[in-house]
Amino acid sequence: MSCNPSFGGIGKGHLMREVDALDGLCSRICDQSGVHYKVLNRRKGPAVWGLRAQIDRKLYKQNMQKEILNTPLLTVQEGAVEDLILTEPEPEHTGKCRVSGVVLVDGSTVYAESVILTTGTFLRGMIVIGLETHPAGRLGDQPSIGLAQTLEKLGFVVGRLKTGTPPRIAKESINFSILNKHIPDNPSVPFSFTNETVWIKPEDQLPCYLTHTNPRVDEIVLKNLHLNSHVKETTRGPRYCPSIESKVLRFPNRLHQVWLEPEGMDSDLIYPQGLSMTLPAELQEKMITCIRGLEKAKVIQPGYGVQYDYLDPRQITPSLETHLVQRLFFAGQINGTTGYEEAAAQGVIAGINASLRVSRKPPFVVSRTEGYIGVLIDDLTTLGTSEPYRMFTSRVEFRLSLRPDNADSRLTLRGYKDAGCVSQQRYERACWMKSSLEEGISVLKSIEFLSSKWKKLIPEASISTSRSLPVRALDVLKYEEVDMDSLAKAVPEPLKKYTKCRELAERLKIEATYESVLFHQLQEIKGVQQDEALQLPKDLDYLTIRDVSLSHEVREKLHFSRPQTIGAASRIPGVTPAAIINLLRFVKTTQQRQAAMNESSKTDQYLCDADRLQEREL
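Residues numbered from 1 in each chain as written. Predicted model: local features only at pLDDT ≥ 70, side-chain atom pairs only at ≥ 80, totals over all residues. Heavy atoms only, no water.

As annotated in an unreviewed UniProt entry, the chain is 5-taurinomethyluridine-[tRNA] synthase subunit MTO1, mitochondrial from Pan paniscus. In its Sequence similarities (unreviewed entry) section, the UniProt record describing the chain reads: "Belongs to the MnmG family." (UniProt positions renumbered as here; feature names shortened; annotations may be inferred.)

Rendered as structure tokens:
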């Protein structure tokens, strides 16, 4: 955890759940290492709740390393990658060459059937504090220069992004008594579907504290812009978690939140979320001591900015394999994203597909209709990005269907059957949950009473007694005051058994809440899936093809992004609806022509076999 000591959040919590549904590690490790668990966005519906946790850095590292080092058949080798080993391409796949391993900085080689690059901020990384710069991917770590040069020579389009981190403050130097204290949720909601609870009780967790900037902070920033080269750079930084300098420039005369977050149970450091900065170190301390509660704050490590290379993500497929180099996969910040959760989501997909590629099996692709992971990867591969990409619920068209609570129903069964990445135990649990939900919903639909009777059974519910038709238990469960416990008290048989598992009871409530709107959304999803089912030929040369009417601009965009479906092509900026219709006609004509050729081939084979049989008889 090289930056903030937290996982999850709005949109990001969905990614955590989906990574866990595919048996990814980080969610389980967070449940073993958190110090403050909170669900954000509770005032809105459960479709956009954001699971979040403050994490103990040291504990997370210990638990993650223990899990990795004890994984059977996994060899861990530490070293910096300097170059790629390249060989002749496979003729049946696109790409100018094929990767077959890596060269480490000490000259040693590691051969591999597939390679995944997760370079973070290390590709030609440069750290900035004030006017000072020095090469580094992270404070104290050398950047990767040779690898960046290799990728550029191969023809990859390279861009430049920047990010930053706040200073770290000594815990004992902060006056918490005058600040707004925020306690964790009780009960804590775990990230992983396999955990009923987290490792630590709510009463033993650590609080977070809230303070704010003030006009004095703005004054220090504005007076010292000439001493801040990172802010003056044209390199794009993160829009949604900008530095304090960027916030002051973009939103003048406003107070900005600063969350004081613990770095661990026994850590003496506090992470001031919202105070990322790159001013000279002495000015950082001057600014921090202007803030309420931090008047005597002691800065242990200054904040700094990082500038680094990334590769245009339109150069990768939805499986995260590159178009240019066969069996080479990219994941994380190399694709222009920001955040642990976005990196983890790409990492699990790249890992699955690197393995499937070696086994010569079809790629495992999550579509926009199946998960936030699908939205993330589709946005990157079709739209690209010119600034660090961050996941939000607002990016997702079908967010009522793609909720944190049902990620296992959406992805675990597919992960088990199509990718082989899910354990038997997790698969069986997901199957049990799916069948229990279906059974529970069926039972709730079958129980019907008049509204007057429901009002007597559950008086606290705001049920109107004017309705003359019977009301289903599923409809009663939609009322805010009603949950499965109150329903089971009213109708013990057959509802009592559905309250024994807390997660099942909560998910039945959520399913009831969204029942009516989900029906309409599922119809929309089917329409999108029809477009996604229309595959484009992988070897289609958009620049020279003559059988379809496309403008030169559209041809260039399709050639660069190489969409795999009509649906993906329609989401590329600049590809017009008319171009999509022409492309659709071409695909259907090609499919019909291919089907006719296959049928003709079968007929020829039949006649040939008949001739041979006749010759034998003669």
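Now that the structure is up, let's keep going.
## Thoughts on the overall build of the chain
Counting its secondary structure elements, the chain contains 21 helices and 21 strands. Over its C-alpha trace the chain gives a radius of gyration of 28 Å, about what one expects of a compact globule, namely 25 Å for 618 residues. Summarising its shape, the C-alpha atoms of the chain cover approximately 105 × 75 × 50 Å along the three principal directions. Within the chain, the fraction of its 618 residues that count as buried is 51%. Separation between the mean location of the 78 positive side-chain charges and that of the 75 negative ones in the chain comes to 5 Å. (Helix = DSSP H or I, 4+ residues; strand = E, 2+ residues; numbered from the N terminus. Rg over C-alpha atoms; globule rule 2.2 N^0.38 Å. Buried < 20%, exposed > 50% of the residue type's maximum accessible area, 1.4 Å probe, protein only. Lys, Arg positive; Asp, Glu negative; His and termini not counted. Charge placed at Lys NZ, Arg CZ, Asp CG, Glu CD.)

## Thoughts on the domain arrangement of the chain
On domain assignment, one finds that the chain holds domain 1 (6-410), domain 2 (423-519) and domain 3 (552-615). Taken residue by residue, the interface counts twelve residues in domain 1 and eight residues in domain 3. Of the roughly 870 Å² buried between domain 1 and domain 3, counting both surfaces, carbon and sulfur atoms make up 61%. The three residues of domain 1 that bury the most area against domain 3 are Arg314, His323 and Thr382, which together make up 44% of that side's buried surface. Counting the contacts that link domain 1 with domain 3 gives one salt bridge. The interface formed by domain 1 and domain 3 includes two residue pairs in polar contact (both at pLDDT 80 or more). Classifying every residue of the side of domain 1 that touches domain 3 by side-chain character gives three nonpolar, five polar and four charged. (Domains from an automatic or database assignment. Contact = heavy atoms within 4.5 Å. Buried area = accessible area lost by both parts, 1.4 Å probe. Salt bridge = Lys/Arg side-chain N within 4 Å of Asp/Glu carboxyl O. Polar contact = N/O pair within 3.5 Å; in protein donor to acceptor, adjacent residues only side chain to side chain. Nonpolar A, V, L, I, M, F, W, Y, C, P; charged D, E, K, R; others polar.)

## Some details on the pairing of strand S3 (residues 50-55)
For S3, the tally of buried residues reaches six of six residues, placing the bulk of the element in the interior. Here S3 shows a buried face lined by Gly50, Arg52 and Gln54 and a second buried face lined by Leu51, Ala53 and Ile55. Sheet topology note: the strand S2 (residues 34-40)/S3 ladder contains six bridges and is antiparallel. From the neighbouring strand, Lys38 faces S3, where its bridge partner is Arg52. (Pairing = 2+ DSSP bridges.)

## Re the sheet that holds strand S13 (residues 208-212)
Strands in a sheet are paired, the pairing made by backbone hydrogen bonds, and the direction either parallel or antiparallel. Read across the open sheet, the six strands follow the order S12-S13-S14-S15-S11-S16; overall the sheet is antiparallel. For this open sheet the edge positions go to strand S12 (180-182) and strand S16 (299-301), each flanked by a neighbour on one side alone. For this sheet the average axis-to-axis angle between neighbouring strands, irrespective of direction, equals 35°. As defined by bridge partners, strand S11 (residues 168-170) adjoins strand S15 (residues 269-273) across two bridges and the pair is classed as antiparallel. (Axes fitted to C-alpha atoms, helices over the stretch in contact; angles between N-to-C directions.)

## Considerations on the layout of surface pockets
One number sums up the size of the second largest pocket: a volume of about 870 Å³. If you go around the second largest pocket, you meet 31 residues; those closest to its centre are Trp49, Val189, Glu503, Glu506 and Ile510. For the lining of the second largest pocket, the element with the most residues is helix H17 (residues 502-513), which contributes seven residues. A domain split of the lining of the second largest pocket shows at least three residues from each of domain 1 (6-410) and domain 2 (423-519). (1 Å grid on protein atoms, 1.4 Å probe; cavity = no way out; pocket = protein on both sides within 12 Å on 5 of 7 lines; lining within 4 Å. Points joined across faces, edges and corners; volume = space filled by probe spheres on them.)

## Here's the deal with empty space enclosed by the protein
Within this structure, the stated rule accounts for three cavities of 30 Å³ or more. In this model, the largest cavity occupies a volume close to 60 Å³. Looking at the largest cavity, the residues that line it are Ile316, Thr317, Pro318, His323, Asp378, Thr381, Thr382, Ser561, Arg562, Pro563, Gln564 and Ala568. With three residues, the top contributor of residues to the lining of the largest cavity is helix H10 (residues 372-383). In terms of residue class, the lining of the largest cavity is made up of four nonpolar, six polar and two charged. Each of domain 1 (6-410) and domain 3 (552-615) accounts for three or more of the residues forming the lining of the largest cavity.

## Let's talk about the pattern of salt bridges
In total, this model carries 45 salt bridges according to the counting rule given. Residues Arg360 and Glu90 are paired through a salt bridge, measuring 3.5 Å at the closest nitrogen-oxygen approach. Linking Arg360 in the loop between helix H9 (340-358) and H10 with Glu90 in the loop between strand S4 (81-87) and strand S5 (97-104), this pair joins segments that are 270 residues apart in sequence. Given the relative accessible area of 57%, Arg360 is considered exposed. Accessibility expressed as a relative area gives 6% for Glu90, which makes it buried. Its salt-bridge partner being Arg368, residue Glu397 comes within 2.9 Å of it at the nearest N-O pair. Linking Glu397 in the loop between H10 and helix H11 (407-419) with Arg368 in the loop between H9 and H10, this pair joins segments that are 29 residues apart in sequence. For Glu397, a relative accessible area of 40% puts it in the partly exposed group.

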